[in-house]
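Chain by chain, the residues:
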Amino acid sequence: MRSAAWRAAGALEVWYRDRFAGVVSPWPYALFRIGIAVSILVRTNDWLRPIFTLDHYAWVRGLEYDPQIEQVVSPALQSPLIPGLSIGPALAAFLVRARTSLAVVLLLGIKPRLTASILALIGAALVAADRYRYFHHLYLLWLSCAWLAITPSSERLSLERWVGRWPRAVSAPRWPLQILRQQCIIVYLASGVAKLNSDWLSGRTLSALEGLGLVRGALWHRGISLIGYSGAGTGIAVAECALGPLLAWRRTRFWALGAGALFHLAISATMSVSIFSLLMILYLATFLPFQECGVSSA
Amino acid sequence: MRPSSSASDGSAAPRLAWLLLLTALCVVPVLCALVSGSSVASFSMFTELRRCRLTLYTNSRDGTRQRFALRELVPYMSRDARRVLAPAEAGFIGETNVELLVGGLGHLGRLVCQLDPRAKSVELRLARAQLTGAALPEVHQVHLCNRLE
């Protein structure tokens with residue numbers, strides 16, 4: 001009995017290691033790094049306001065959380081998400097500028113692991129210093145930035161490699177890519193499972209979101225006239241629950257990638273989700289068939 | 001056993017413990033959020049909307065009880081706090097924001113104490129309901145203003 005358990009544990013270990021062993025083209029890492037850096041630069045200020053209308057422009061002016069722009073009167077409301085975390089105005093002013101500078105450094109691919117580590121800490125600390133700053137897409141953004149700290153993303157599209165004329169590696173370890181894919185699958189599963197409740201499946205939640213102006217547009221109205229609120233709610237929940245497993249399985253990955261991209265384009269066109277769709281498309285891109293050579297092909 | 005992490009071509013997976021730790025970092029926050037019913041870190045995205053309305057009262061030393069207008073706090077709030085809290089007195093529909101508001105009632109009480117020198121305590125009442133209109137338990141907190149006499 002005991003030896004059977006040991007054998008099962010050993011087999012599980014081999015299976016798990018096999019998912020992560022191997023090499024892959026360095027391109028997915030470089031593209032993910034650039035995507036995250038661009039997402040940070042787009043989301044944490046309103047510099048593109050003259051060109052685009054983005055959801056967060058409704059409340060962001062200049063650099064997000066800049067005390068000089070927010071002009072909060074003393075005594076300011078202190079309500080950190082992490083008890084005891086307090087960032088004064090001087091430190092906050094420094095950190096919001098450091099955040100933007102580091103995002104540019106990350107974009108250029110200069111010491112990307114170190115840069116991403118510091119950037120993730122700064123970004124997360126600024127959000128956690130005020131509970132009302134929390135959004136799911138911001139949590140995902142800074143979490144993704146933290147994942148870049150374990151990702152070898154400087155082998156392509158990197159200024160330091162170009163200036164230093166360092167030789168470019170042909171391949172990179174595959175395990176960080178699998179971690180990114182794992183994160184993507186978990187977001188879909190968590191989001192899908194959370195929707196398995198009567199309010200969502202009956203369409204009441206979507207109807208309320210429409211009333212709040214958070215869901216809108218011609219595509220939305222056309223979809224609702226075809227399948228109704230309940231159909232839309234059920235369809236979204238099923239899509240999110242199914243995307244994770246379909247992406248994980250190599251045989252269905254191609255179709256899941258297409259469906260996922262369409263799903264996020266539709267969400268982006270109908271819902272106020274800020275950069276969430278952009279982030280998820282970046283994660284979907286990690287499933288593209290880059291030159292991948294593993295012990296197994298999963 | 002499988003290749004060790006010391007393989008020179010970088011193709012080996014790192015130690016199993018390291019991979020399990022990274023996997024846990026992906027999974028544990030979401031699981032904790034799901035189990036505890038919290039929407040922070042849950043990626044639940046608009047799924048548990050609630051109606052809520054926040055009312056503040058100050059209790060003075062002379063025994064009078066007065067309504068405290070939330071709009072008086074607005075200048076002391078960050079832009080994001082304004083976005084969430086400014087509509088709370090009239091009532092709003094939210095998911096994570098409602099949970100964040102519940103967790104931050106004590107901080108609001110402390111701010112009211114700072115702004116109203118006559119206040120002995122601050123009463124915070126958050127009425128909540130499901131989208132169907134079914135009432136949920138009201139959150140009622142009393143924050144004592146600790147003042148040096």
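All values reported here derive from a predicted model rather than from experimental measurement.

**Some details on the overall build of chain A**
Okay, step 1: For chain A, the helix and strand inventory stands at 13 helices and 3 strands.
Okay, step 2: In terms of its C-alpha atoms, chain A occupies a principal-axis envelope of roughly 65 × 55 × 45 Å.
Okay, step 3: Per-residue burial over chain A gives 42% buried out of 298 residues.
Okay, step 4: In chain A, 77% of the contacts between residues at least 6 apart in sequence involve partners at least 24 apart.

**A look at the confidence of the model for chain A**
Okay, step 1: Across chain A, the average pLDDT comes to 93, with 98% of residues at 70 or higher.
Okay, step 2: Per-residue pLDDT, averaged within each element of chain A, yields its smallest value for strand β3 (residues 292-293) of chain A (82) and its largest for helix α5 (residues 112-128) of chain A (98).

**Re unusual backbone geometry**
Most peptide bonds take the trans form, and the phi angle of most residues other than glycine is negative.
Okay, step 1: The step from Ser74(A) to Pro75(A) runs through a cis peptide bond, and the omega angle for that step is 0°.
Okay, step 2: Topologically, Pro75(A) is positioned in the loop between α3 (67-70) and α4 (89-108).
Okay, step 3: Positioned with a positive phi, Gln71(A) is a non-glycine residue whose angle comes to about 50°.
Okay, step 4: The exposure class of Gln71(A) is exposed, given the 9 C-beta atoms found within 10 Å.
Okay, step 5: In this structure, Ala41(B) is a non-glycine residue whose phi angle is positive, near 70°.

**Considering the interface of chain B and chain A**
Okay, step 1: With 45 residues of chain B at the contact, the number on the chain A side is 45 residues.
Okay, step 2: For the side of chain B that touches chain A, the secondary-structure elements that each account for two or more residues are α1 (16-36), α2 (79-85), α3 (96-103) and α4 (105-115) of chain B.
Okay, step 3: By residue number, the principal contributor to the side of chain B that touches chain A is α1(B), which donates 8 residues.

**Examining the sheet that holds strand β1 (residues 23-24) of chain A**
Residues and elements named next belong to chain A.
Okay, step 1: Spatially, 3 strands are ordered β2-β1-β3 in an open sheet, and the strand pairing comes out antiparallel. Two strands in the sheet have a free side with no partner beyond their single neighbour: β2 (172-173) and β3.
Okay, step 2: Taken together, the 2 bridges between β1 and β2 define a ladder with antiparallel strand orientation. Bridging across to β2, Val23 finds its partner in Pro173.

**Points about the nonpolar core**
Okay, step 1: Membership of the largest hydrophobic core comes to 104 residues, with the highest contact counts inside it found for Leu106(A), Leu119(A), Leu126(A), Leu141(A), Cys145(A) and Leu279(A).
Okay, step 2: With residues up to four places along the chain from it excluded, the contact list for Leu106(A) reads Arg33(A), Ala37(A), Pro112(A), Thr115(A), Ala116(A) and Leu119(A).

**Description of the pairing of strand β5 (residues 135-144) of chain B**
Okay, step 1: One ladder, built from 8 bridges, connects strand β4 (residues 119-130) of chain B with β5(B); its direction is antiparallel. Each residue of the ladder has a partner; that of Glu123(B), found in β5(B), is Val142(B).

**Quick look at the environment of Arg99(A)**
All names here are of chain A.
Okay, step 1: Here Arg99 shows up in helix α4.
Okay, step 2: For Arg99 and Val187, which are 88 residues apart along the polypeptide, the C-alpha to C-alpha distance reads 25 Å.
Okay, step 3: Residue contacts for Arg99: discarding those within four places in its chain leaves Thr44, Leu119, Ile122, Gly123 and Leu126.

**Notes on the packing of helix α11 (residues 218-248) of chain A against helix α12 (residues 250-270) of chain A**
All names here are of chain A.
Okay, step 1: Where α11 meets α12, the axes come as close as 11 Å, and the angle between the chain directions of the two elements is 140°. It follows from the interaxial angle that α11 and α12 lie oblique. Handedness of the α11/α12 crossing: left-handed. On the side of α11, the interface is formed by Leu219, Trp220, Ala239, Leu243, Leu246 and Leu247, while α12 contributes Thr252, Arg253, Ala256, Ala259, Gly260, Phe263, Ala266, Ala269 and Thr270.
Okay, step 2: Residues that form the contact of α11 with α12 fall into these classes: 11 nonpolar, 3 polar and 1 charged.

Analysis parameters
- Residues numbered from 1 in each chain as written.
- Chains lettered and ligands numbered in written order.
- Predicted model: local features only at pLDDT ≥ 70, side-chain atom pairs only at ≥ 80, totals over all residues.
- Helix = DSSP H or I, 4+ residues; strand = E, 2+ residues; numbered from the N terminus.
- Buried ≥ 20, exposed ≤ 12 C-beta atoms within 10 Å, placed from the backbone.
- Contact = placed C-beta atoms within 7 Å.
- pLDDT = per-residue confidence, 0-100.
- Pairing = 2+ DSSP bridges.
- Core = buried A, V, L, I, M, F, W, Y, C linked by C-beta atoms within 7 Å.
- Axes fitted to C-alpha atoms, helices over the stretch in contact; angles between N-to-C directions.
- Parallel < 35°, antiparallel > 145°, perpendicular 65-115°, else oblique.
- Left-handed = near helix turned anticlockwise from the far one by under 90°.
- Nonpolar A, V, L, I, M, F, W, Y, C, P; charged D, E, K, R; others polar.

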